[in-house]
Amino acid sequence: MKLGIVMEGGASRTAFSCGVADCFLEEGLLPDYFVGVSAGIAFGVSYLSGQKGRNRKIIENYMPDKRYMGMKYLLDRSMKSFYNIPFVFGEVPNELLPFDYEAFAAFPGEVEAVVTNIKTGEAEYLAVPRDDRKFQAVIASCALPALFQPVTIGKKHYLDGGVADSVPYRRAMEKGCDKIIVILTRERGYVKKKEKLTKTVSALYHNYPRLTERLKNRADAYNLCMEELYQAEREGKIFVIAPQNLLGVGRIESSSEKLVRLYEEGYYQAKENMHALRLYLEA
């Protein structure tokens, strides 16, 4: 059996996935292949390094910190990012709450981050280097349009992977995974609507017509992806864990109390589903 785990993004909503991942660590459940989108890969690496509780400390102690995110960083000409990248991907993992690079390097499975190529508008799947203390592939996957500057890796420029592939379960299939767990950050039945700022955001990237086309069609693509995902679940091909309630947590939520409650919702959902999940894995 080759097990793949897919972790959707969703910025602050990914607190749910952090609870699921910590439950998985308690249960000794680790994948052979892991693919994460945006915050899904940003938090996913702590799961793969076996650091149970580290993500909870981030959402409880650092996401509410004014140094973590805010409009002042987006308007700062030296950053132009809603998230304070030097703090989030530098000071926190390398000083305040050390990330275990050695444990991550020792993880035997394959790890990929989904990014969107701004020239082609297509999803690409970057291997996450085990020794990159700047987290470039992870930052590229998190680079939300309009809220981040495109991230350059090699000769290519990337934005958030969710633009082109929000829930990359098909990538896990392509990688030969015969068992796939998908962790979502939206409730079952959620239907994505076109965001009001789509035209404005698209205008920022008018030099990249294939990217703007992706942005305009993102809601329809996401909804079709969900239809196909749940059909695969009904056929027993995929196991899905999704929040029953987001408890009022939005994309840029910074309330420690709300984030911890959503984390606990993820932990609870994983525990409740563990028997069924074991049956799925053993079938």
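Since we're looking at a predicted model, the values are computed, not measured.

Novice: Could you clarify how one ought to interpret the overall build of the chain in this entry?
Specialist: Of regular secondary structure, the chain possesses 12 helices and 8 strands. Scaling as 2.2 N^0.38, a compact globule of 283 residues should have a C-alpha radius of gyration of about 19 Å, and the chain matches this with 18 Å. Overall size of the chain, expressed as C-alpha extent along the three principal axes, is 50 × 40 × 35 Å. Counting only residues that meet the buried cut, the chain has 55% of its 283 residues in that class.

Novice: Help me out: how do you make sense of the nonpolar core in this one?
Specialist: For soluble globular proteins, the rule of thumb is that nonpolar side chains tend to be buried together. In this structure, Phe24, Tyr68 and Leu277 are the most contacted members of the largest nonpolar core, which totals 76 residues. Setting aside chain neighbours within four positions, we find phenylalanine 24 in contact with Ile5, Leu29, Tyr47, Ile181, Ile183, Ile241, Ala270, Met274 and Leu277. Grouped together as the second largest cluster of nonpolar side chains are 21 residues, Tyr33, Val35, Cys225 and Ala242 included.

Novice: Help me understand the packing of aromatic side chains in this model?
Specialist: What describes a pair of aromatic rings is the distance from one ring centre to the other and the angle between the planes of the rings. Under the criterion given, the structure shown has 13 aromatic pairs. Ring plane angle 90° and centroid distance 5.1 Å describe the contact between phenylalanine 99 and tyrosine 101, whose orientation is recorded as edge-to-face. Comparing phenylalanine 99 with tyrosine 101 shows no difference in burial state: the two are buried. For the ring pair tyrosine 101 and phenylalanine 135, a centre distance of 5.9 Å and an interplane angle of 35° mean the geometry is tilted. Of the two residues, tyrosine 101 sits in helix H6 (residues 101-106) while phenylalanine 135 sits in the loop between strand S4 (123-127) and helix H7 (136-142), which places them 34 residues apart along the sequence. Classification of phenylalanine 135 as buried rests on a relative accessible area of 9%. An aromatic cluster is defined as three or more aromatic residues linked by ring pairs; in this entry it consists of Phe89, Phe99, Tyr101, Phe104 and Phe135.

Novice: Looking at this model, I keep getting lost on the side chain of serine 12. Mind explaining?
Specialist: For serine 12, the position within the fold is in the loop between strand S1 (3-7) and helix H1 (15-26). By relative accessible area, which is 1% here, serine 12 ends up buried. Among all residues touching serine 12, those that are not within four sequence positions of it are Met63, Met69, Val249, Gly250, Arg251, Ile252, Glu253, Leu259 and Leu262.

Novice: Is there a simple way to explain H1 in this structure?
Specialist: An α-helical turn contains 3.6 residues, so any two residues separated by three or four positions project in the same direction. Over its 12 residues, H1 extends 17 Å from the first C-alpha to the last, a length consistent with the 16 Å expected when each residue adds 1.5 Å. Most of H1 is tucked away: 11 of the 12 residues are buried. For H1, the set of buried residues is Ala15, Phe16, Ser17, Cys18, Gly19, Val20, Ala21, Asp22, Cys23, Phe24 and Leu25. On its buried face, H1 is in contact with S1, helix H2 (39-48), helix H3 (54-62), strand S7 (179-183), strand S8 (238-241) and helix H12 (256-282). Glycine 28 sits one or two residues past H1 and shows a positive phi near 70°.

Novice: What am I meant to see in the pattern of salt bridges here?
Specialist: One side chain can pair with another of opposite charge once the charged atoms of both are near each other. Counted by the stated rule, this structure contains 20 salt bridges. Note that glutamate 228 and arginine 170 form a salt bridge whose closest N and O atoms lie 3.2 Å from each other. Residue glutamate 228 is found in helix H11 (residues 218-234), and its partner arginine 170 is found in helix H8 (residues 169-174); the two are separated by 58 residues along the sequence. For glutamate 228, a relative accessible area of 33% corresponds to the partly exposed category. Assessed through its relative accessible area of 44%, arginine 170 is described here as partly exposed. Three or more residues are tied together by salt bridges with common partners; here these are Glu26, Glu27, Lys52, Lys271 and Arg278.

So, how was this worked out
Residues numbered from 1 in each chain as written. Predicted model: local features only at pLDDT ≥ 70, side-chain atom pairs only at ≥ 80, totals over all residues. Heavy atoms only, no water. Helix = DSSP H or I, 4+ residues; strand = E, 2+ residues; numbered from the N terminus. Rg over C-alpha atoms; globule rule 2.2 N^0.38 Å. Buried < 20%, exposed > 50% of the residue type's maximum accessible area, 1.4 Å probe, protein only. Core = buried A, V, L, I, M, F, W, Y, C linked by side-chain atoms within 4.5 Å. Contact = heavy atoms within 4.5 Å. Phe/Tyr/Trp six-rings, centres within 6.5 Å; stacked < 30°, edge-to-face > 60°. Expected span 1.5 Å × (residues − 1). Salt bridge = Lys/Arg side-chain N within 4 Å of Asp/Glu carboxyl O.

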